[in-house]
Amino acid sequence: MSEKPIYVTQPYLPPLEEFVPYLQEIWNNKTLTNGGPMHQQLERALCDYLGVEHVALFNNGTIALLTALQALRVTGEVITTPYSFVATAHSLLWNGIKPVFADIDPQTLNLDPSKIEAAITSHTTAIMPVHCYGNPCDVDAIQRIADNYNLRVIYDAAHAFGVKDAGGSVLRHGDLSVLSFHATKVFNTFEGGAIICPDAKTKKRIDQLKNFGFVDEVTVVAPGINGKMSEVNAAFGLLQLKHIDCAMTRRREVDAFYREQLKSVRGVSLVEEVGQVVANYSYFPLLVEADYPLSRDGLYHALKDSNIFARRYFYPLISDFPMYRGMQSAQRDNLPVAAMVSDKVLCLPIYPALEDAELQAVVAVIQRAQGGAR
Ligand code: T4K
């Protein structure tokens, strides 16, 4: 039994005294929001760190998703995954777009390209895949489909901060990629998010949309929203960025420890990295199989009894929530892989401040149920 609770994640917080000079600067210049100096600095710093051309900061990932769809004037039907956080599909409904769910690939747990193609209708205008847990989608196959059918691609890249494939940042794929900087993410600004876009013209439209559609003091060109990131959030991002490599190193150690300890536990399978050259270790999902002595929920509760709060990301499937489950594409026989994975998945605690003894405690519960199997 762990003395203090161990949650699935814990935000990385640099020493408080390091944040004070940033606050002092904000207090001095009295610009609190609306694209101030911290906001501008963070956009530039993230372009450099991520290796992308344009970053538009947002107050959270969900508003960034809503705005990305508006920026590309997406309408009609969008093909997406049921195996994600509910914000992915909600961003479509909020825009009056019909989500069409397609099944996932059993290895990557991302949208299966062959299922995307089968879901296309005359109303389809875009695809919204998710790089789930930071594992890259099959971006080449998705782009081929998009090109063949003249569809837009907006990646929900909420989990994919810093992930690279052989060609560079995974965020360069598709028309737009959307990040979340929520407290629970690898890189956080308390709340926050961003749209990554390839050209200055699109960035300008996104910047207008996130500021009510204003172009200048008296001109509004679109029904925009308030999606701006405040100076305090941006300042925290600048500080966080100084520590990110260190935080990532510890995440990698945690991931390696779990993999080593759990590889020989019968009935537990791990999700392998696929396609990334640089991973971000944002989540540690495992699948509880039929030959493990406990059910997935049984293990979830056994961990809870030891003060360890693993999470069932992503259960239930988005397509099982009331506002989606009546849709034809939401039926379980259309989504057998997603349904199976959702019933087996459990995400273990992973964050930089996890101590070795805490890691041992997590693994011990999983091994104990196995009768100490090694
Ligand atoms: N797309 C995808 C694929 C996403 O995963 C998300 C967000 C979005 C879009 C939307 O992005 P944002 O609009 O959120 O920027 C959490 C997060 O709230 C959510 O951001 C995230 N995905 C989702 C996967 O997880 P909950 O309801 O599980 O969070 P909560 O409050 O239960 O937190 C989990 C654990 O983290 C807690 O048990 C303790 C720890 N925690 C949490 C917070 C908020 C802390 O230690 N400190 C904190 O401040 O949704």
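Residues numbered from 1 in each chain as written. Predicted model: local features only at pLDDT ≥ 70, side-chain atom pairs only at ≥ 80, totals over all residues. Heavy atoms only, no water.

Turning our eyes to something else, we now look at the site of the ligand. Around the ligand, the structure places 25 residues, and the nearest of them are Thr62, Asp156, Ser180, Arg311 and Tyr313. Between an oxygen atom of the ligand and a side-chain N or O atom of serine 180, the distance comes to 2.7 Å. Between the ligand and histidine 182 there is a distance of 3.3 Å, counted from an oxygen atom to a side-chain nitrogen or oxygen. When isolated, the ligand has an accessible area of 910 Å², and the protein chains bury 75% of it. (Near = heavy atom within 4 Å. Polar contact = N/O pair within 3.5 Å; in protein donor to acceptor, adjacent residues only side chain to side chain. Areas by Shrake-Rupley, 256 points an atom, 1.4 Å probe, with all protein chains shown as cover.)

Glancing now at the packing of aromatic side chains. Two numbers describe a pair of aromatic rings. These are the distance of the centres and the angle of the planes. Scanning all chains against the criterion turns up 17 aromatic pairs. Ring centres 5.5 Å apart and planes at 90° place the aromatic pair phenylalanine 19 and phenylalanine 236 in the edge-to-face group. Here phenylalanine 19 is found in helix α1 (residues 16-29), whereas its partner phenylalanine 236 is found in helix α8 (residues 231-262), with 217 residues between them in sequence. In this pair, the class of phenylalanine 19 matches that of phenylalanine 236, namely buried. The structure contains a cluster of three or more aromatic residues connected by ring pairs, namely Tyr83, Tyr133, Tyr283, Tyr313 and Phe314. For lysine 210, the ring lying beneath its charged end belongs to phenylalanine 58, and the centroid distance is 5.4 Å. The ring of tyrosine 315 has arginine 296 sitting right over it, with the charged end atom 4.5 Å from the ring centre. (Phe/Tyr/Trp six-rings, centres within 6.5 Å; stacked < 30°, edge-to-face > 60°. Helix = DSSP H or I, 4+ residues; strand = E, 2+ residues; numbered from the N terminus. Buried < 20%, exposed > 50% of the residue type's maximum accessible area, 1.4 Å probe, protein only. Lys NZ or Arg CZ within 6 Å of the ring centre and 35° of its normal.)

Strand order in the open sheet made by the three strands is β13-β14-β16, with antiparallel pairing throughout. The open sheet has two edge strands, β13 (268-270) and β16 (345-348), and neither has a second partner. Adjacent strand axes in the sheet meet at a mean angle of 35°, parallel and antiparallel pairs treated alike. Alignment of β13 against strand β14 (residues 284-288), held across three bridges, turns out to be antiparallel. Across the sheet, the residue bridging to serine 269 is leucine 287, located in β14. Across the sheet, helix α10 (residues 336-344) lies against β14 and β16, angled at about 50° from β16, the strand it touches most. (Pairing = 2+ DSSP bridges. Axes fitted to C-alpha atoms, helices over the stretch in contact; angles between N-to-C directions. Contact = heavy atoms within 4.5 Å.)

A few words now on the domain arrangement of the chain. Taken domain by domain, the chain comprises domain 1 (16-102 + 109-239) and domain 2 (244-368). Put simply, the middle of domain 1 and the middle of domain 2, counted by C-alpha atoms, are 25 Å apart. In this complex, domain 1 contributes 32 residues to the contact, which on the side of domain 2 involves 34 residues. Summing both sides of the interface, domain 1 and domain 2 together bury roughly 2,800 Å²; the carbon and sulfur share of this comes to 68%. Broken down residue by residue, the surface that domain 1 buries against domain 2 is led by Phe101, Tyr133 and Val186, which jointly contribute 25%. At the surface where domain 1 touches domain 2, the tally comes to zero salt bridges. At the boundary of domain 1 with domain 2, the tally comes to 14 residue pairs in polar contact (both at pLDDT 80 or more). Secondary-structure elements contributing two or more residues to the side of domain 1 that touches domain 2 are α4 (87-94), β4 (98-101) and β7 (164-165). For the side of domain 1 that touches domain 2, the element with the most residues is α4, which contributes four residues. A class-by-class count of the residues in the side of domain 1 that touches domain 2 yields 21 nonpolar, eight polar and three charged. (Domains from an automatic or database assignment. Buried area = accessible area lost by both parts, 1.4 Å probe. Salt bridge = Lys/Arg side-chain N within 4 Å of Asp/Glu carboxyl O. Nonpolar A, V, L, I, M, F, W, Y, C, P; charged D, E, K, R; others polar.)

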